[in-house]
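Descriptive structure summary
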Amino acid sequence: AMVRPIPGVAQQLPIHPYVLGCWLGDGHSADGRIGCADQEIFRKIERLGYRLSGSHCPGRAPYELRTVYDMMPALRAMGVLGEKHVPAEYLAASVYQRMELLRGLMDTDGHCSQRGTATFCNKNERLARQVWELASGLALRPRIRRYLQESGAYWQVSMQAHVD
């Protein structure tokens, strides 16, 4: 029998879950800037109705560091500035909202293998455990592992992507 996602409840969220996922993955913990080399991520954030600054580091293309305007008050209110984590209301949200959050996290700090194994990597243990919780609730049967490198420990959450 196919395991079904935990339904959750659609929430009025202060930041679109995809945008929060991108910020949790590649955002600056002290402010509303997101840095990445994938223009499609910035285009999607704009399609969701957010205004973005130009790049704060021209000359480093394709990498760009851009401010998502008007996001700081919500980040501050949720208590995630300087302490990146997934706020409780996001973990309890609808399947669609949680999947959008996971997409943002994966688009920034994840990758997918040829065999369809999606992997999220981060040094933040709390965030990695919440990504595991998120993926579990979405019936993606994740595994979490800790790795040690010279630069310190990091966490890897891997899951098999559904065809749908």
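What this report covers is the structure whose coordinates are included nearby.

What follows is about the side chain of Gln156. Within the element layout of this structure, Gln156 appears in strand β6 (residues 152-160). Excluding residues within four positions of it along the chain, Gln156 makes contact with Thr119, Phe120, Cys121, Arg143, Ile144, Arg145 and Tyr147.

What follows concerns the pattern of salt bridges. The tally for this structure, following the rule as stated, stands at ten salt bridges. Between Asp70 and Arg51 there is a salt bridge, with its nearest N and O atoms 3.7 Å apart. Pair noted here: Asp70 is in the loop between β2 (64-67) and α3 (72-78) and Arg51 is in the loop between α2 (39-47) and β2, with a separation of 19 residues, a long-range link. The exposure classification of Asp70 matches that of Arg51, with both residues exposed. In this structure, the salt-bridge partner of Glu64 is Arg66, at a minimum N-O distance of 3.6 Å. A relative accessible area of 11% means that Arg66 is categorised as buried.

Attention now moves to the pairing of β6. Alignment of strand β4 (residues 117-122) against β6, held across six bridges, turns out to be antiparallel. Residue Asn122 lies in a different strand from β6, and its bridge partner there is Trp155. Note: strand β5 (residues 143-149) against β6, seven bridges, orientation antiparallel. From the neighbouring strand, Tyr147 faces β6, where its bridge partner is Tyr154. The antiparallel hairpin formed by β5 and β6 contains two residues in its connecting segment.

Definitions and limits used
Residues numbered from 1 in each chain as written. Predicted model: local features only at pLDDT ≥ 70, side-chain atom pairs only at ≥ 80, totals over all residues. Heavy atoms only, no water. Helix = DSSP H or I, 4+ residues; strand = E, 2+ residues; numbered from the N terminus. Contact = heavy atoms within 4.5 Å. Salt bridge = Lys/Arg side-chain N within 4 Å of Asp/Glu carboxyl O. Buried < 20%, exposed > 50% of the residue type's maximum accessible area, 1.4 Å probe, protein only. Pairing = 2+ DSSP bridges.

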